[in-house]
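Remarks on the overall topology
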Amino acid sequence: MRVLVVDDDARLAGALRRGLETEAFAVDVAADGDEGAWYAQEFPYDVIVLDVMLPGTDGYTLCARLREAGNWTPILMLTAKDGDSDEAHALDTGADDYLAKPFSYVVLLARLRALLRRGGGERPTVVTVGDLTLDPAAHQVRRGDEPLELTPRQFALLELLMRHPGEVLAKQEILDRVWDFAFDGDPNIVEVYVRQLRTRIDLPFGRASIQTVRGAGYRLDPGGG
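Residues numbered from 1 in each chain as written. Predicted model: local features only at pLDDT ≥ 70, side-chain atom pairs only at ≥ 80, totals over all residues. Heavy atoms only, no water.

Per an unreviewed UniProt entry, the protein chain goes by the name Response regulator transcription factor and belongs to Nocardioides iriomotensis.

Okay, here's the thing in structure tokens:
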């Protein structure tokens, strides 16, 4: 397996190279974001270990640019900052996982193996179905060029449907994933939010993209209705 390590800490990068090579990885090391971008564009990698704080192009920007260019190599992002916002930013720019410094090498190795098992299939950060576009990081939704205002719960429901276009999602599955497993309220709340969502994304545009499948659940028509 071929790994690209992008980190300006020469000691850490060297230690990672030596450790990963003992695990039968082939390792390339880049000392800054621009060099890392060149390596990632010139050679195929199975996984990339990417530091956030880099000279030149920072890790967040490099990750986003790779995804925009259609490079879906799994990325494990390293950050010296240990905060929820930094971790969320790493994931929202397209990283597959993150690890705060200082970290255990054993944990890093386990996470790399998990990413390798998952593979490098396309996992876009902006979701598009028909002329509906949803950007989770910016919390924005558009129908064509028209921005749509949604509540956080409506947004979460639409994101779930858009990530499974054409699939029928049962009411209980929606409850489990949009609310949580501990929700013990009226399950008909799903119907309420589906109706609200239709009034925001469908009715003003003469669409019927959110379909009810009687006795089964709901689905989003990939054609947009």
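To continue, consider the pairing of strand 7 (residues 132-135). Side-chain alternation along strand 7 places Leu-132 and Leu-134 on a buried face and Thr-133 and Asp-135 on a face that remains uncovered. Pairing geometry for strand 6 (residues 127-129) and strand 7, over three bridges, is antiparallel. The residue of strand 7 that forms the bridge with Val-127 is Leu-134. Pairing of strand 7 with strand 8 (residues 140-143), which is carried by four bridges, proceeds in the antiparallel orientation. (Buried < 20%, exposed > 50% of the residue type's maximum accessible area, 1.4 Å probe, protein only. Helix = DSSP H or I, 4+ residues; strand = E, 2+ residues; numbered from the N terminus. Pairing = 2+ DSSP bridges.)

Grouped together as the largest cluster of nonpolar side chains are 26 residues, with contacts concentrated most on Val-141, Leu-157, Leu-158, Met-162, Ile-174, Leu-197 and Ile-201. Where this core is concerned, the elements lending two or more residues are strand 6, strand 7, helix 6 (152-162), helix 7 (171-179), helix 8 (189-201) and strand 11 (217-220). No other element matches the six residues that helix 6 contributes to this core. In contact with Leu-157, other than residues within four places in its own chain, are Ile-174, Val-178, Tyr-193, Val-194 and Leu-197. With 19 residues, the next largest nonpolar core counts Leu-54, Leu-66, Ala-90 and Ala-95 among its residues. (Core = buried A, V, L, I, M, F, W, Y, C linked by side-chain atoms within 4.5 Å. Contact = heavy atoms within 4.5 Å.)

Turning to the sheet that holds strand 9 (residues 146-148), a few remarks are in order. The sheet built from four strands is open, its strands ordered 6-7-8-9 with antiparallel pairing. In the strand order of this sheet, the two ends are held by strand 6 and strand 9, each with one partner. Adjacent strand axes in the sheet meet at a mean angle of 20 degrees, parallel and antiparallel pairs treated alike. Each of strand 6, strand 7 and strand 8 touches helix 6; the most contacted strand, strand 7, lies at about 115 degrees to it. (Axes fitted to C-alpha atoms, helices over the stretch in contact; angles between N-to-C directions.)

Time to look at the pattern of salt bridges. Two side chains of opposite charge can pair, provided their charged atoms sit close to one another. A complete count under the given rule lists 12 salt bridges for this structure. The partner of Arg-2 in a salt bridge is Asp-28, with the nearest N and O atoms 3.1 Å apart. Taken together, the residues Arg-2 in strand 1 (residues 2-6) and Asp-28 in strand 2 (residues 26-30) connect sequence positions 26 residues apart. Take Asp-28: its relative accessible area is 18%, and that puts it in the buried class. (Salt bridge = Lys/Arg side-chain N within 4 Å of Asp/Glu carboxyl O.)

Along the chain, Phe-155 falls in helix 6. Note: C-alpha distance between Phe-155 and Arg-67 (88 residues apart in sequence) is 23 Å. Not counting chain neighbours up to four residues away, the residues in contact with Phe-155 comprise Leu-134, Asp-135, Pro-136, His-139, Gln-140, Val-141 and Leu-150.

Judged by pairing direction, the sheet is parallel, and its five strands sit side by side in the order 2-1-3-4-5 without closing on themselves. The strands lining the two open edges of the sheet, one partner per strand, are strand 2 and strand 5 (97-100). Neighbouring strand axes in the sheet, compared pairwise and without regard to direction, differ in orientation by 20 degrees on average. Pairing between strand 1 and strand 3 (residues 47-51): four bridges, direction parallel. Each residue of the ladder has a partner; that of Val-5, found in strand 3, is Val-49. Sitting on the sheet, helix 3 (residues 59-68) is in contact with strand 3 and strand 4 (75-79), with an inclination near 165 degrees to strand 4.

Another point: the domain arrangement of the protein chain. Splitting the protein chain by domain gives domain 1 (2-119) and domain 2 (127-220). The centre of domain 1, based on its C-alpha atoms, is set 33 Å off from the matching centre of domain 2. (Domains from an automatic or database assignment.)

Another aspect to go through is the packing of aromatic side chains. Summed over all chains, the structure comprises three aromatic pairs. Aromatic side chains Trp-38 and Tyr-39 sit 5.3 Å apart centroid to centroid with 80 degrees between the ring planes, which places their arrangement in the edge-to-face category. Seen from their ring centres, Tyr-39 and Phe-43 are 6.1 Å apart, and the 40 degrees between their planes marks the pair as tilted. Three or more aromatic residues joined by ring pairs make a cluster, and in this case those are Trp-38, Tyr-39 and Phe-43. (Phe/Tyr/Trp six-rings, centres within 6.5 Å; stacked < 30°, edge-to-face > 60°.)

With that out of the way, let us pick up the packing of helix 7 against helix 8. Following both chains from N to C, one finds helix 7 and helix 8 inclined at 80 degrees, their axes separated by 10 Å at the closest point. Between helix 7 and helix 8, the interaxial angle falls into the category roughly perpendicular. In this structure, helix 7 uses Lys-171, Ile-174, Leu-175 and Trp-179 to contact helix 8, whose residues at the interface are Ile-189, Val-190, Glu-191 and Tyr-193. Residue composition of the contact of helix 7 with helix 8, by class: six nonpolar, no polar and two charged. (Parallel < 35°, antiparallel > 145°, perpendicular 65-115°, else oblique. Nonpolar A, V, L, I, M, F, W, Y, C, P; charged D, E, K, R; others polar.)

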